[in-house]
Structures are given as C-alpha cells and as structure tokens.
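# Coordinate analysis (summary)
In case you want the letters, here they are:
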Amino acid sequence: MATPLTELQRRDVGGVAVMTSAAVNRIGSSSGNEPSPVHIFLYFHKAIRSELDALHRSAVDFATNSLVEIEPLLKRYRFVRSIYKHHCNAEDEVIFPALDIRVKNVARTYSLEHEGESVIFDQLFALLDSDMQNKESYRRELASCTGALQTSISQHMSKEEEQVIPLLVEKFSFEEQASLVWHFLCSIPVNMMAEFLPWLSASVSSDERQEMRSMKGVIPEEALLQQIIFTWMDGANIFKKRKNLEDKGTYQCPCSSSQLMKPESSPLDPPVDEILHWHKVIKKELIDIAEAARSIQLSGDFSNLSSFNKRLQFIAEVCIFHRYCNLQYGVIMLMLHLN
C-alpha cells in the first residue's frame, strides 16, 4: 500500500491542487450564464487537494530532516482528517442518497471508497500513536502512508468530478442543485462550518471566491443568515494568518491567559456587536420553526417531517455553537470589564 519515498519525492506536487479546466467545462452551467451551484464541490476538492499537498510535503520534510519536529505535522493530520471526514459524511448523508434515487448503482461505489479512505486514515493514526517513533524507518513509513492517502483521495475526487458532479447537473434542476448544496452545508456541524468556510475561501482564488458568493439560491434569502455565512466565507485572511501563526508555533487561543491582558491585540476576536446578528437570526428561525410545527399539527400532514427535523437539528447545532462561543469569549470579556 505504501508508496516508496523516492517516488513521493519525484512527484510534481505543484500540480496536485490545481483544478483542471476540463472538469469545470464538463460541469458547465445549468442556468444560462450562471454557474451550477454544484460548482462549489469543485472548490471543496481543490481545497482538499491543496491541504493534502501541503501535508505530503510536510511529511516528506519530516522524513528527510531529522531536526523537524512532529507536532506541527500532527496538527495538519488532525485538521485534514476532520475536514475530510465531515466532507464525506455530508456526501453520504445528502448527495449520494439524492443521486441514488435518480441514478442507480453509482452512489454506493463512492460510499464504499469513503470507507476505504477511512481505513487508510485509521492506519495512519495508528502509526502516529505507535511506539515506533524512535525507529529509523518510522519517518519514511509515515511519509509513505501519507502519500498513499493523498493518492487515494485525489483519485476518488477525480472520479467524482468525472461522474458524480456531471450527473448532478444533468439530473437535477438549478433549484434542486442549490437545495442539495445548502443541505450539504447544513449537515456539517456549525462549529465546524465556522472553520470550514474560511479554510475553503483561503484555498481558492479571489475569482473563485467571488463566484461562491454569487451563487444564487444556495443560501436562503434571509439577510442576517446570509451575513453570517458570507462573514465566514470572507474569513480567508484571518484563517491564513492563524495558520501561519500555528505553523510557527506562536498562535495562542484568544481565551488563553496571556491574551486576556490585551484582548484588542488579537486579530481573531470578532466584534461584540456581531452577537446581535446571531440573536436575530436564531430568534427568527425559532419563530419560523414554531409556526411550521403548528402548521404540521393542525394539518395532520407529516409527509415533510424529515425536512422539518433537519431544520430543527440545524438550529439546535447553531444554538449549541453560539452557547459555546459565549462561554469561551463572553465570560472572559465580562471579567475584563469588571476588572
């Protein structure tokens, strides 16, 4: 399974993260000059390729330089695994079941490949947790396993771009695609979304970032909700700054003791006024959900209960994430003012 280290070093890693124009052309547009909503999946893939490329280069550097510490590499492994896990779960829960209704014998193949990739991740982390770290072959084996992971995931995403995404364009209307993309995003935990979208924006070009923002129909037409999503999408610079600090080992969480003395110095602290936007969005969504629940109860029509449950689950996760943020930052800021 492992690829020899010499072969890994010969790869043209600079081209790994490039999204081919052929893939874009195959997907095309499903509504005049508007890009298909599922274009966003190409950007997810580009970001994942870029992250895998950086991970592989770091692993090769670790294997060829005995002075390189493993801690920064461990952070990259955990981040890649988390991002890819949520990406695959969203596909398995939303995209593939919808596609399977209209095109048989396609989705299951990709779900099985997700399981295979999960096995490679498990093997990689078993190696990271093993007692082999003092052995001479450990660093080379880790780099080889990382190369195998990169190859497997890259091939899998290329197949999706060849088959799955064009089928979504062919078999689903523009509005249905937009709904699928939104449900895909909603299936990712909200606390992860707050990191997922800035990471995605930081991994694509400015033109691609603008295209993501201009995709009509994906985000519900609720001004405050759109403001939150777009704020996350616009967080590319903050994400890049934090990643640079993490790579240098100088990043500190804003809630750490050293940051409490100078909260204004943290580039990651959001304006306190943004909390009001969260309150308005959450309040409106809860009112709408309550009205929808009453409508279901009065009509006795439970045919759309699955959609209602997903909406309820989403706002529940939003509230949990909001409460977590309050605990992390709100109490700290209050203590600072009291002092």
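Residues numbered from 1 in each chain as written. Predicted model: local features only at pLDDT ≥ 70, side-chain atom pairs only at ≥ 80, totals over all residues. Heavy atoms only, no water.

A separate point is helix 4 (residues 71–102). Counted at 1.5 Å a residue, the expected span for helix 4 with its 32 residues is 46 Å, and the 46 Å between its end C-alpha atoms agrees. Where helix 4 bends most, the angle comes to about 40 degrees, and this point is Asp92. (Helix = DSSP H or I, 4+ residues; strand = E, 2+ residues; numbered from the N terminus. Expected span 1.5 Å × (residues − 1). Bend = angle between axes of the 7 residues up to and from the residue.)

Phe41, Tyr77, Leu142 and Leu168 are the most contacted members of the largest nonpolar core, which has 86 residues in total. A per-element tally of this core places helix 4 first, with 14 residues. Beyond its immediate sequence surroundings of up to four residues, Phe41 is in contact with Ile95, Ile165, Leu168, Val181 and Phe184. (Core = buried A, V, L, I, M, F, W, Y, C linked by side-chain atoms within 4.5 Å. Buried < 20%, exposed > 50% of the residue type's maximum accessible area, 1.4 Å probe, protein only. Contact = heavy atoms within 4.5 Å.)

Turning our eyes to something else, we now look at empty space enclosed by the protein. Within the structure shown, the criterion is met by one cavity of 30 Å³ or more. Space inside the largest cavity adds up to approximately 50 Å³. Along its surface, the largest cavity is lined by Phe41, His45, Glu91, Ile95, Phe96, Glu160, Val164, Ile165 and Leu168. Those elements that place two or more of their residues in the lining of the largest cavity are helix 3 (39–64), helix 4 and helix 6 (138–171). It is helix 6 that contributes the most residues to the lining of the largest cavity, four residues altogether. Counted by class, the lining of the largest cavity contains six nonpolar, one polar and two charged residues. (1 Å grid on protein atoms, 1.4 Å probe; cavity = no way out; pocket = protein on both sides within 12 Å on 5 of 7 lines; lining within 4 Å. Points joined across faces, edges and corners; volume = space filled by probe spheres on them. Nonpolar A, V, L, I, M, F, W, Y, C, P; charged D, E, K, R; others polar.)

So, on to unusual backbone geometry. Even without glycine at this site, Asn105 takes up a positive phi of about 60 degrees. According to the relative accessible area criterion, Asn105 is exposed, its value standing at 72%.

With respect to the secondary-structure elements, Ser154 resides in helix 6. Residue classification places Ser154 among the buried residues on the basis of a relative accessible area of 15%. In terms of polar contacts, Ser154 uses its side chain to reach the backbone carbonyl oxygen of Gln150, at 2.8 Å. (Polar contact = N/O pair within 3.5 Å; in protein donor to acceptor, adjacent residues only side chain to side chain.)

All chains considered together, the criterion is met by nine aromatic pairs. Judged by centre distance (5.5 Å) and plane angle (55 degrees), the ring pair of Phe196 and Trp199 falls under tilted. Here Trp199 and Phe196 lie together in helix 8 (residues 190–203), a separation of three residues that amounts to about one turn. Across the pair, exposure class does not vary: Phe196 and Trp199 are buried alike. (Phe/Tyr/Trp six-rings, centres within 6.5 Å; stacked < 30°, edge-to-face > 60°.)

Right, let's get into the pattern of salt bridges. Counted under the stated rule, the structure contains nine salt bridges. Between Arg49 and Glu161 there is a salt bridge whose closest N-O contact spans 2.9 Å. Placement of Arg49 in helix 3 and of Glu161 in helix 6 is noted, with a sequence separation of 112 residues between them. Its relative accessible area of 5% is what places Glu161 among the buried residues. The partner of Asp53 in a salt bridge is Arg57, and the shortest N-O contact between them spans 3.6 Å. Of this pair, Asp53 and Arg57 both sit in helix 3, separated by four residues, roughly a single helical turn. Overall, the relative accessible area of 44% leaves Arg57 in the partly exposed class. (Salt bridge = Lys/Arg side-chain N within 4 Å of Asp/Glu carboxyl O.)

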